[in-house]
Amino acid sequence: MASAEIRNKIFDTPETNYLNHTRGWKSWAFTLDHKRIGVMYLIGVTIALFLAGAFALVLRWHLFWFEGGFLSNEMYNQMFTLHGAIMVFSFIIPSVPAALGNFVLPMMIGAKDVAFPRMNLMSFYLWIAGTCCLAAAILSGYGLDTGWTFYTPYSIETSTGVIFATFGAFILGFSSIFTGLNFLVTVNTMRAPGQSWFKLPLFLWSLYATSIIQILATPVLGITLLMLIAERTMHIGIFDPKYGGDPVLFQHFFWFYSHPAVYIMILPAMGVISELISVYSQKRIFGYSFIAFSSVAIALLGFLVWGHHMFTSGQSPMVTLIFSAITFTVAIPSAVKVFNWLATLYKGSILLNTPMCYALSFIFLFGIGGLTGLFLGALSTDIHLHDTYFVVAHFHFVMVGGTLTALLGGLFHWWPKMFGRMYNDMLGRISCFLVFAGFNLTFFPQFVMGSRGMPRRYASYDPEFQIFHQWSTFGASILGFGILMSFGVLLYAAFYGKRCGANPFKAASLEWQSSSPPDFHNFIHKPILHDPYDFDSQVYDKDLDTYIPRELADPKTVPPRREPVHH
Amino acid sequence: MAVVDTDNILEEEHHHHEPFIAHHFDDAEQQFDSGKLGIWLFLVTEILFFSGLFVAYTLYRIHHPEIFEQAHHFLDKRLGALNTIVLLFSSLTMALGVHAAQNGDNKKCGLYVLITMVCAAMFLGVKAIEYSHKWDLGIFVRSEFSYHPHTAEPFHVSPYLIKLSVIPVLLLVGFIAASFFARASSKVALSKFMGGLAITVGGYFVGVLIGMTFMALTAENEHAQLESPSQAPLVLRALTLDDDKHDDGHADADGDAHADGDHSHADGEDHAHGDSHAKSPDLGRDVGIFFSIYYCMTGLHAIHIIAGIVALAWIYWRCLVVHWRPDYFGPVDYVGLYWHLVDLIWIYLFPLLYLID
Ligand SMILES: [Cu+2]
C-alpha cells in the first residue's frame, strides 16, 4: 500500500517528461534517450513510407490502362525499383524494431535506456545517411532500374546509379545491425531484478529473435554489396560472367540475407500482435512458451530456405527439393502463433478498439499471405506462378498486410504512452476499415491475374487483365487514403487529443507503469514486476482515472484477486 | 509475487555514480558484461562479413582447382610468414596490455599497446611491398590482369609503393610536428600521444624495409625460375606464353622495354609450347580471379588492421591520461578481442592463399 501522494507522483501526468525536459533542436539531434530516438525513427520511417507509397500509387495509376499510362518504360522500371528499395531497406526493416521497439523495449524490462545509447543514435544517423544515398540515386538523375534485388549481370551493366543505391543499402545494413546488437545486449544484461526470460513480454522475444537475424544475416548482405560495387568498378570477375564470374552466386548471397530479412520484417510485427491480442482480450496469452520459441524457430529455420527464391535459376533438383521441404517447415511455427492468438481470443473479453481492429486485420491478412506462400514453396506450382503477380500479391500480404498493419496497430496501442494523449477511436477504426478494405481490393485481384499468367514488372499488358488492374488501382488509392487517415488521427491526437492516464488499457507489462508520457529516466519508482499477461494485477484507480498495480492501490478500494487462470 | 516495499518505492533523486559508469547502468559489473557481450556479437558480425569472401574462395577453388593450385606461386610465402609472425607477436603484446590494464598499470599497458600498434603498421608496410611488387608485374584483379614477368634490381622502389606511402609520409611528418608543438605548449600527454603515433607510422617504414630485404633475397630465386621454365609452375609458363603472344604485335615497337624479360625465357619457349599452351589457353587469364579474391580478402583485412590501429590509438591515449583501473578496463579488453579476431582472420588467410597445394 502506498499513500495517495506517492501514487499521484508516480502515475499522474507529469509536468516535465522526456518530450519537454530539454528543448531546442540540438536536444533532439544529440539525444541519447531511446524514447526520443524511437520518435525520430518513427518520423523518418513514416516519411520513407509516404515517399515509397507515392511511387506505388504512380505505378498503380500507370497500370490502370493496359497499354500503360504516363510513364516511359525506363521510368516505370526506375519507379518500381525505388518503390521496392525504399520500402524494404528504409521503411519495413527498421519500422517496428527501430521505431516502436526502441521506445518500448527498455521500458518493458524496467531499464533506463538501451545498453549502448550512442550506438543507438549512430544507428539513426546511419539510417538517414543510407536513405539519403538511396534518394541520391533519384536526385542525381541516374535513377535505378535493377529492381530492389540488384541482380547481376544487369546491375553491373546498367548505366543507372547502382553504386549510390547499393552503398545506401550497405549503410542501412549497419544501421540495422546496430539496432539488433543493442537489443540483444539490452535484453540479456539489463532486465529488471527478478525478470526471468519467461516473464518477458512476447514482443521482446520476437525482437530478440529478430535481432539474432539482423546480426547473422546482415553482414553477408554487406559483403555482397561491397563485392557488387567492386565488380562494377573493377570487374573482379566474381559475379560477372563476362570475366568468368557466377551471377547465380550473387543470387545465393543476396537471398541468404534477404530471405531472413523477411523475418526481420514480420517477426517484430508478430510480437506486437501477441501484445495487442492479449491486452484487448484481457486474457492471459495462450501458449506463451510456444509463441516465444516459435519466434526463435522461425528465426533459425529462416536461414535454411533462401534457395526457394531460385527454383528457376538452375539449381540442382536435389537442392531445390530440400529448400522446398524446409520452406514448408517454416509454416509450422507460423501456424503455432496464429492458433495461439485465436485461442487467446476464445472466451476473452474482447475490446474492439482501433489497435485490436488492426490486430484482427493482421491475423486475417497474414494468414492469407502465409498460406499463399505454400503455393510458391511447392516446386510444381512455383514453376507456373514464379515472376507473376501472384508473387507480388503474396509478399504484399505478408509485408503490408502483416508488418504495416501491425505497425499501425502498435502505434495506436502505444501512442497514449508515447504522447500522453488519446486518439479518436471511431476515426481510428474507420482508418483501419479503409486500410483493410483497400488492401484486399488492391491485392486479391493480383492473385487472380497472377495465377492466370500476368507477369510482374511489366509496364504494359494484355487487355484481358485490365479489369483486375483497375480494381487493384482503386484499392491502392483507398489503401493510401486509409494509411494517410490513420497517421492523421494519430498526429492530431499527439497535439490535441484528450489527456490520458498511465495505463488506460489495463495492460500489465512494465512500460505502462511509467507516467504518460514517461519521465526522461522512464520510471521515477522501482517498477513492480508482474507476469506481463496477468491483467488481474492491475486495478482501477478512481482518482487517477487509470489502472495501477494492485500493490500500490488504496487497500480500501481494491477488489479481491480472481482465481489465477491455469492452462 | 515478492512482497513490495511500497514505502521505499521511489528512486532516490540523486545518483552517486562512479565517473566511468554510464547513468543507465546499475553498476560496473553490468556495464562490463554488456560491453563484453556487445563486442562478442560484433565479432560474430565481423566473421560473417568475411564469410561471403570465404564462400566465394571455396566455390572458385572447387570450380577451378588448377588455378588455385598454381596461382599461389605468385605469392611470397616468406613475406606471408613474416607477417603472420608479426601479427602473432602483436596478439601477445595485446594480451599483455589487457593484463596490465586489469592491474591498473597504465604505463605498462600503454607500452604494450604501442608495440601492438607498431606491429600492425609493420604488417601494412610488408603488405605494401607485396602489393606494389605484384602491380609492377601486372598482377591485378581479373579484368586488368596482364602478367609481364621481369625481375627488378634489389631495393628497386616501385612507383606503386611511392603512391601507397604518400599518406604514411604525411602522417609521420604531421605526428612529429604535432608532438613537438604539444611539448612546446607543455601538454605532456598529448606530446607523448603524438610521439607514439609517429613511432607507429615509423613501423610502416620498417615493414617496407624488411619487405624489400626479403624481396632482394628472393629475387635470385625468381630469376632462376624464369630462366628455366620447365622448373617453373605450370601457370607461370602459361602466362609467359600468353604474354609472348600478346607482345608479338608490339614488342618491337615498344623498343627494348621488355628486352630483359623476353630474353630470359626465350630458350624455354619450345619446351613449354607443347603441354601448357595447348592444355589451358584460358589458364593465364583466369588466374585473375584468384587475385580478385586475393585482393578482396587481404584488402578487407588491411582495412580492419587500419581500423584496429585507430581503436588501439584511442586505448593508448586513455593509458596516457591514466583511465584504467582494476574495476574499469573494459574498453582495453574489447579492443583486445577485436585485435585477436583480426589476427585470427589472417591466420586463416595465410594458408588458404599462400600455402595451398
Ligand atoms: Cu524467401
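Calculation rules
Each chain carries its own residue numbering, running from 1 in the written order of its sequence. Here chains are named by letter from A upward and ligands by number from 1 upward, in the order in which they appear as written. The predicted nature of this model means local features are confined to residues of pLDDT at least 70 and side-chain atom pairs, given and counted, to a pLDDT of 80 or more, with totals for whole chains, interfaces and linings taken over all residues. To obtain the side-chain values, all non-hydrogen atoms of the structure were used and water was disregarded. The split into domains, and so the bounds of each, comes from an automatic or database assignment of domains. Contact definition: two residues touch when any of their heavy atoms are within 4.5 Å. Here the quantity called buried area is the accessible surface, traced with a 1.4 Å probe, that two parts lose on coming together, added over both. Here, a salt bridge means any side-chain nitrogen of Lys or Arg that lies within 4 Å of a carboxyl oxygen of Asp or Glu. Here a polar contact means two N or O atoms within 3.5 Å. Within protein one must be a hydrogen donor candidate and the other an acceptor candidate, and residues neighboring in sequence count only if both atoms are side-chain atoms. All residues other than Ala, Val, Leu, Ile, Met, Phe, Trp, Tyr, Cys, Pro, Asp, Glu, Lys and Arg, Gly among them, are scored as polar; the first ten of these are nonpolar and the last four charged. Only buried Ala, Val, Leu, Ile, Met, Phe, Trp, Tyr and Cys residues count toward a nonpolar core, and they belong to the same one when joined by side-chain atoms within 4.5 Å. Each residue's exposure class comes from its accessible area (1.4 Å probe, protein chains only) as a fraction of the maximum for that residue type: buried when under 20%, exposed when over 50%, partly exposed otherwise. The helix and strand labels rest on DSSP assignments: H or I over at least four residues marks a helix, E over at least two residues marks a strand, and numbering proceeds from the N terminus.

Draft legend 1. The arrangement of the domain arrangement of chain A in detail. All names here are of chain A. As assigned here, chain A comprises domain 1 (1-24 + 501-567) and domain 2 (31-264). On a C-alpha basis, the centroid separation for the pair domain 1 and domain 2 is 36 Å. Contacts between domain 1 and domain 2 engage 19 residues on the former and 23 residues on the latter. Approximately 1,500 Å² of surface area, both sides summed, lies buried where domain 1 meets domain 2, with 62% of it carried by carbon and sulfur atoms. The largest share of the area that domain 1 buries against domain 2 comes from Tyr18, Asn522 and Leu529, three residues that together contribute 35% of it. Along the contact surface separating domain 1 from domain 2 lie zero salt bridges. Taken together, domain 1 and domain 2 are joined by nine residue pairs in polar contact (both at pLDDT 80 or more). Split into classes, the residues belonging to the side of domain 1 that touches domain 2 amount to ten nonpolar, seven polar and two charged.

Draft legend 2. Looking closely at the nonpolar core. Counting residues in each nonpolar core, the largest one holds 273 residues, and the members touching the most others are A:Phe89, A:Phe150, A:Trp341, A:Phe362 and B:Phe291. A total of 21 residues in this core trace back to one element, the largest contributor, which is helix α4 (residues 73-108) of chain A. Formed jointly, this core draws a minimum of three residues from each of two domains, domain 1 (1-24 + 501-567) and domain 2 (31-264) of chain A. In contact with B:Phe291, other than residues within four places in its own chain, are B:Ala71, B:Phe74, B:Leu75, B:Lys134, B:Ile139, B:Phe140 and B:Phe145. Counting residues in each nonpolar core, the second largest holds eleven residues, with A:Ile6, A:Val539, A:Leu544 and B:Ile9 among its members.

Draft legend 3. Structural detail: the interface of chain A and chain B. Chain A puts 52 residues into the contact, and the matching count from chain B is 41 residues. Summing both partners gives a buried area of about 3,800 Å² for chain A against chain B, and 72% of it is carried by carbon and sulfur. Taken as a group, A:Lys112, A:Ile223 and A:Lys526 account for 15% of the area that chain A buries against chain B, more than any other trio of residues on that side. Between chain A and chain B we count zero salt bridges in total. Between chain A and chain B we count seven residue pairs in polar contact (both at pLDDT 80 or more) in total. Counting only elements with at least two residues in the side of chain A that touches chain B, the list comes to α1 (4-11), α7 (162-189), α8 (202-234) and α9 (247-281) of chain A. Ranked by residues supplied to the side of chain A that touches chain B, first place goes to α8(A) with nine residues.

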